[in-house]
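Close look at the chain arrangement
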Amino acid sequence: MEYNFRDVEKKWQGFWKENKTYRVFIDHDRPKYYVLDMFPYPSGAGLHVGHPLGYIASDIFSRYKRQKGFNVLHPMGYDAYGLPAEQYAIQTGQHPAVTTEKNIKRYREQLDRIGFSYDWDREVRTCDPSYYKWTQWTFIKLFNHYYNNKTARAEPVSDLAKIFGRSGNVDVDAACGFVPEFTAVEWLKMDEGEKQDVLMHYRLAYLSDTLVNWCPRLGTVLANDEVREGFSVRGGHPVVRKKMKQWFLRITAYAERLLAGLEEIDWSDSLKEIQRNWIGRSEGSTIFFGVKHHQESIEVFTTRPDTVFGATFMVLSPEHELVEKITTEAYRQQVAEYVKVAGSKSDRERMTEVKTVSGQFTGAFAVHPFSGQDIPIYIAEYVLAGYGTGAIMAVPGHDSRDHAFARHFGLPIVQVVSGGDVAEESYDATEGKMMNSGFMDGMEVKEAIRAVIRKLEFKGIGQGKVNFRLRDAIFSRQRYWGEPFPVYYKEGVPYVLPESDLPLELPPVDKYLPTETGEPPLARAKKWQTKDGYPLECNTMPGFAGSSAYYIRYMDAANNNQLVSDEAVSYWQDVDLYVGGSEHATGHLIYARFWNKFLYDIGVVKKEEPFKKLINQGMIQGRSNFVYRVKGTNTFVSLNLKEAYDTMPIHVDVNIVDKDVLDLEAFRKWNPEFSDAEFILEDGKYICGWEIEKMSKSFHNVVNPDDLIEKYGADTLRLYEMFLGPVEQAKPWDTKGIEGVFRFIRKLWRLYHDRGNNVHISEEPASEKELKILHKTIQKVSGDIERFSFNTAVSAFMVCVNELTELQCSKREVLEPLAVMISSFAPHIGEELWHILGHKESVALSSFPDWDEKLVTDDVVVYPVSFNGKTRFKLELPSNSSKEEVERAALSAPEAAKWLQGKDPKKVIVVPGKIVNVVI
RNA sequence: GCGGAUGUGGCGUAAUUGGUAGCCGCGCCAGACUUAGGAUCUGGUGCCGAAAGGCGUGGGGGUUCGAGUCCCUUCAUCCGCACCA
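Counting from 1, residues in each chain are numbered in the order their sequence is written. Here every chain gets a letter starting at A, and every ligand a number starting at 1, in the order they are written. Since the coordinates come from a predicted model, pLDDT governs what is reported: local features require at least 70, and pairs of side-chain atoms require 80 or more to be given and counted, while whole-chain, interface and lining totals use all residues. Working from all heavy atoms in the structure, the side-chain values ignore hydrogens and water.

**Considerations on the sheet that holds strand β2 (residues 71-73)**
- As summarised here, the arrangement of the four strands in space is β2-β1-β21-β22, forming an open sheet in which the pairing is parallel. The open sheet has two edge strands, β2 and β22 (611-616), and neither has a second partner. Direction aside, neighbouring strands of the sheet carry axes that sit 20 degrees apart on average. For two strands to be treated as a pair, DSSP must find at least two bridges joining them. Numbering of helices and strands runs from the N terminus, with a helix taken as a DSSP run of H or I at least four residues long and a strand as a DSSP run of E at least two residues long. Axis definition: a line fitted to C-alpha atoms, over the contacting stretch in the case of helices. Angles run 0 to 180 degrees between N-to-C directions.

**Notes on a nonpolar patch on the surface**
- A contiguous nonpolar patch, built from Ile 909, Val 911 and Ile 915 and spanning about 190 Å² of accessible area, is present on the exposed surface.
- Structurally, the position occupied by Ile 915 is in strand β34 (residues 915-919).
- The exposure class assigned to Ile 915 is partly exposed, which follows from its relative accessible area of 32%. Patches were defined on residues exceeding 30% relative accessible area and lacking a salt bridge, with like-charge contacts within 9 Å and nonpolar side-chain contacts (Val, Leu, Ile, Met, Phe, Trp, Tyr) within 5 Å. Reported accessibility uses the Shrake-Rupley method at a 1.4 Å probe radius. Residues are deemed covered only where the shown protein chains occlude them. Here, a salt bridge means any Lys or Arg side-chain nitrogen found within 4 Å of an Asp or Glu carboxyl oxygen. Think of it in three bands: residues with accessible area under 20% of the maximum for their type are buried, residues over 50% are exposed, and the middle band is partly exposed, with areas taken using a 1.4 Å probe on protein chains only.

**Looking at the packing of aromatic side chains**
- Two aromatic rings from Phe, Tyr or Trp, using only the six-membered ring of Trp, form a pair when their centres are within 6.5 Å; if the ring planes differ by under 30 degrees the pair is stacked, by over 60 it is edge-to-face, and anything between is tilted. Enumeration according to the criterion identifies 67 aromatic pairs in this entry.
- Note on Tyr 378 and Phe 409: the rings are 5.3 Å apart at their centroids and 55 degrees apart in plane angle, and the pair reads as tilted. Of the two residues, Tyr 378 sits in strand β15 (residues 374-379) while Phe 409 sits in helix α14 (residues 400-409), which places them 31 residues apart along the sequence.
- Classification of Phe 409 as partly exposed rests on a relative accessible area of 27%.
- Here Phe 788 and Phe 790 contribute two aromatic rings whose centre-to-centre distance is 6.3 Å and whose plane-to-plane angle is 70 degrees, an arrangement assigned as edge-to-face. Per residue, the accessibility class of Phe 788 equals that of Phe 790, and both read buried.
- Ring pairs connect the aromatic residues Tyr 33, Phe 61, Tyr 64, Phe 70, Phe 788, Phe 790, Phe 797, Phe 825 and Phe 848, which therefore count as one cluster.
- Each ring is checked for a lysine NZ or an arginine CZ that lies within 6 Å of its centre and within 35 degrees of its normal; such an atom marks a charge sitting over the ring. When the ring centre of Trp 120 is taken as origin, the NZ or CZ atom of Arg 108, which lies over that ring, is 3.8 Å away.
- Across the ring face of Tyr 206, the terminal group of Arg 250 is positioned such that the distance to the ring centre comes to 4.0 Å.

**Describing the pattern of salt bridges**
- All chains considered together, the criterion is met by 53 salt bridges.
- Between Glu 444 and Lys 433 there is a salt bridge, with its nearest N and O atoms 2.8 Å apart. Of this pair, Glu 444 sits in the loop between α14 and α15 (445-459) while Lys 433 sits in the loop between α14 and α15, and the two are 11 residues apart along the sequence.
- According to the relative accessible area criterion, Glu 444 is partly exposed, its value standing at 36%.
- Since its relative accessible area comes to 43%, Lys 433 is described here as partly exposed.
- Here Glu 763 and Arg 812 are joined by a salt bridge, their closest N and O atoms 3.0 Å apart. Separated by 49 residues along the polypeptide, Glu 763 in the loop between α23 (738-751) and α24 (768-786) and Arg 812 in helix α26 (residues 812-822) bring together distant segments of the chain.
- Classification of Glu 763 by relative accessible area gives exposed; the value is 58%.
- In this structure Arg 812 comes out as partly exposed when scored by relative accessible area, which is 23%.
- Members of the salt-bridge network, linked through shared partners, are Arg 257, Arg 593, Lys 597, Asp 601, Glu 608 and Glu 609.

**Some remarks on the side chain of Asp 556**
- Residue position: Asp 556 is located in the loop between α17 (550-553) and α18 (566-572).
- Residues scored as positive are Lys and Arg, those scored as negative are Asp and Glu, and His as well as the terminal groups of each chain are ignored. Within the buried set, Asp 556 has no salt-bridge partner at all; the shortest N-O distance to an opposite charge, 6.0 Å, is to Arg 553.
- For the purposes of these results, a polar contact is taken to be a pair of N or O atoms within 3.5 Å, where, inside protein, one atom must be able to donate a hydrogen and its partner to accept one; residues adjacent in sequence count only when each atom of the pair is a side-chain atom. At 2.9 Å, the side chain of Asp 556 and the backbone nitrogen of Ser 565 are in polar contact.
- In this analysis, two residues are considered to be in contact whenever any of their non-hydrogen atoms come within 4.5 Å of each other. Setting aside residues up to four positions removed in sequence, Asp 556 forms contacts with Arg 122, Leu 563, Val 564, Ser 565 and Ala 568.

**Looking at the sheet that holds strand β4 (residues 153-156)**
- Pairing is antiparallel in the open sheet, where three strands are placed in the order β4-β3-β5. Each edge of the open sheet is held by one strand with a lone partner, namely β4 and β5 (174-175).
- Helix-sheet contacts for helix α6 (residues 157-167) involve β3 (145-148) and β4, and the interaxial angle to β4 is about 70 degrees.

**Quick notes on the environment of Asp 27**
- Within the secondary structure layout, Asp 27 lies in the loop between α1 (5-19) and β1 (32-37).
- By relative accessible area, Asp 27 is classed as partly exposed at 22%.
- Taking C-alpha positions, Asp 27 is 8.4 Å from Tyr 571, a pair spaced 544 residues apart along the chain.
- At a separation of 2.9 Å, a polar atom in the side chain of Asp 27 contacts the main-chain amide nitrogen of Asp 29.

This is the structure:
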């Protein structure tokens with residue numbers, strides 16, 4: 001009889017559930033530790049082996065921290081709103097809540113089978129009204145706040161209205177859209193609609209008309225991070241630009257703080273860098289250029305104001321508001337055409353045409369603010385409407401794009417910074433002395449930048465400015481399966497519902513499609529209006545709404561009166577360890593930081609950054625298998641014989657392949673097309689080819705954790721996932737390696753049992769040798785867990801068990817701490833062994849062992865003795881030997897003579913405890 | 001183009017501060033037990049070589065008594081951003 005993992009795992013999973021072993025409460029006597037997993041979207045396909053990788057790592061860490069005396073919050077929930085359920089609803093007519101519920105149930109079963117230590121009493125689901133009540137609540141707060149740049153925090157819009165009544169908006173420095181200056185008197189004269197209109201430009205959640213990423217196929221608008229290369233990330237449908245009225249979140253107000261906060265958090269460099277790029281801070285200045293024969297001036301943003309004397313023309317984006325106004329009669333038609341062509345292009349087309357130079361002269365001229373010269377104004381696609389001011393001063397001498405443009409249109413190129421040959425190519429570097437630049441001549445670039453900004457500000461024609469690439473987040477989706485906005489319209493003016501009306505529940509609809517007039521699905525709902533009959537907003541919120549504060553909600557998941565109680569948030573504070581995929585770098589992880597900062601400003605949370613440390617688990621790739629079909633036949637040739645034939649590789653289900661040998665019968669049954677397949681075998685076997693690719697249904701390389709658990713048990717699966725390699729690294733899944741870990745589990749079991757599988761624990765004191773093995777393992781495993789190096793910890797356990805097996809160790813003194821340590825990684829067998837040792841309570845409540853420093857140091861050291869850096873022999877010496885003793889022993893060792901060849905060594909290096917190197 | 005990461009046996013990987021390169025596992029080879037093995041156990045396994053020995057961490061160069069680790073350079077792969085002024 002061997003270890004019966006099926007019964008043991010089932011038994012303890014039942015025990016944990018029944019005893020609520022992992023339930024957690026506020027406990028001021030113990031330090032808190034919050035370990036969070038990115039909650040999953042429960043898709044219909046269920047989990048594959050790649051998904052739980054991060055969950056296993058975080059579970060090990062949670063269990064370890066618990067045994068180290070921390071009060072560990074380790075919750076789980078579901079990101080339950082989303083497109084797939086809705087698409088499915090459109091196809092089948094089934095309510096997305098039904099599919100979602102079904103998928104959640106399946107996820108839960110799968111998760112339970114892996115033996116996680118979640119406190120399920122804190123589960124959240126974003127589609128649950130008791131949860132999204134607080135998503136809506138936060139939206140109302142965002143609507144009712146603006147961002148005060150002077151205090152660098154969110155403040156109530158009601159305060160702002162008071163300021164307007166006192167002194168207009170001249171002294172207000174807020175993050176806002178374009179608002180003309182007005183006085184207190186003018187403010188007081190405005191009617192309600194006009195006032196609301198002005199305030200809307202200040203709100204952190206605001207309604208605005210803009211060009212959006214419209215996906216006709218999905219029938220909705222998408223955020224920038226939901227679009228990749230002109231296609232929707234989900235589904236891969238084309239995305240075009242369209243002007244629409246949308247809700248926005250003013251995340252740009254927080255750009256500076258989002259950037260600064262990165263300095264304080266322990267995230268990977270690559271992830272921080274991605275966020276820095278996404279925020280895209282650049283320092284420079286604005287400069288106004290007057291337009292000849294016009295009142296208007298053109299504001300540009302430049303990071304190189306020092307090169308202003310090199311500006312020989314200007315370029316506006318085709319969408320720039322002044323284009324219409326300044327274009328002369330002679331050029332009107334060409335300009336209109338250019339604008340039209342540019343506007344009709346999709347983002348995708350624009351991107352593929354990056355290399356081609358195009359543009360159109362407007363006929364208008366600007367006046368250079370320093371030289372007074374006339375410079376022509378062009379429009380061109382390479383200037384983006386959404387960045388900076390949508391207009392540039394073109395400096396062909398020192399900007400490669402402007403250079404290409406100037407050459408194409410035969411415009412003058414002036415060198416203003418020494419270095420390089422600007423006739424050939426632009427000199428973009430910021431090193432060199434200024435020339436042809438009036439008052440700046442002779443200055444270094446950096447000095448010149450400071451000087452010119454001073455001059456611009458003095459003359460009132462520009463000022464130093466920090467610009468960001470980050471855009472405000474579009475918050476409306478024309479979808480059904482999402483949070484309804486707590487918003488109604490009174491004479492076309494949007495107002496938020498009172499908090500007491502929350503949650504505003506998602507209404508039933510007859511179909512999940514837009515209406516015939518193109519309105520979102522909510523417009524189909526009957527009586528979608530307030531008690532007073534005002535129409536409610538028909539858009540719903542995007543996916544990131546519900547995931548932006550779920551980690552806060554876990555702290556106090558059942559609270560119906562508050563998002564989170566002050567007591568709970570004061571105790572749990574923030575997430576100590578967050579584990580999840582890096583694909584959320586510019587989506588969830590930036591929105592959540594923004595959302596959290598806002599909640600911090602209004603006093604709901606205590607920490608400005610929500611996730612102290614973040615670990616990105618690497619993707620588990622699939623290992624695909626191939627069979628080779630001889631073209632035009634139904635005959636398949638084995639891998640090593642295929643060169644003799646003209647073949648086509650076909651993906652074959654990895655589950656009917658074992659160690660690259662194909663199960664022929666299973667293959668014939670797998671697909672009717674192959675039912676009469678013929679094979680050309682080698683050594684009587686069909687050998688498949690293989691390749692590493694993404695784990696995907698279409699490649700038939702998906703490995704399901706359920707099957708592995710059925711065959712090897714959850715503990716083996718957990719250990720193997722960790723054993724594969726570093727958590728953060730992408731690595732291929734190869735099922736065959738799991739056997740080794742399975743053997744280890746059984747070997748561990750046998751340490752506690754005799755040949756007849758009877759429990760065999762000796763109460764005798766352990767030998768020093770046995771204790772040394774144990775304590776070295778404690779030291780190694782503790783260090784590895786702290787460093788999130790779980791793969792090396794597993795291998796340390798293997799070494800430990802191998803060595804103890806060799807000594808036939810059965811001492812309680814050794815086996816008990818070992819059971820405790822292993823229980824983080826393999827909780828079921830850990831729990832079973834713990835109980836075999838006579839304990840009644842869960843091993844989760846035990847303490848992680850400490851190591852004894854004396855037992856981890858050896859009293860003899862094996863010195864490798866090398867000659868000229870090459871190791872030649874080994875020498876065992878007491879660890880307290882002096883340098884001289886080691887040197888003498890090394891040189892007088894019998895093996896040394898051979899390498900010394902009678903010569904005297906030039907130099908002998910002895911590193912105590914490490915190495916001896918003899919130089920000859 | 002810019003930024004980030006990674007290159008070590010047939011495969012996944014290890015080597016915490018510059019100090020024995022290849023731990024642990026898979027695979028492979030040999031053996032034991034067995035009617036049998038895709039079970040279990042034991043031993044071997046970086047490459048070349050009979051051995052002595054030599055070579056070896058993507059390539060080239062450097063620093064050092066000593067380099068997988070540090071520096072320069074180059075190549076390859078992956079990821080992110082991309083006409084960002």
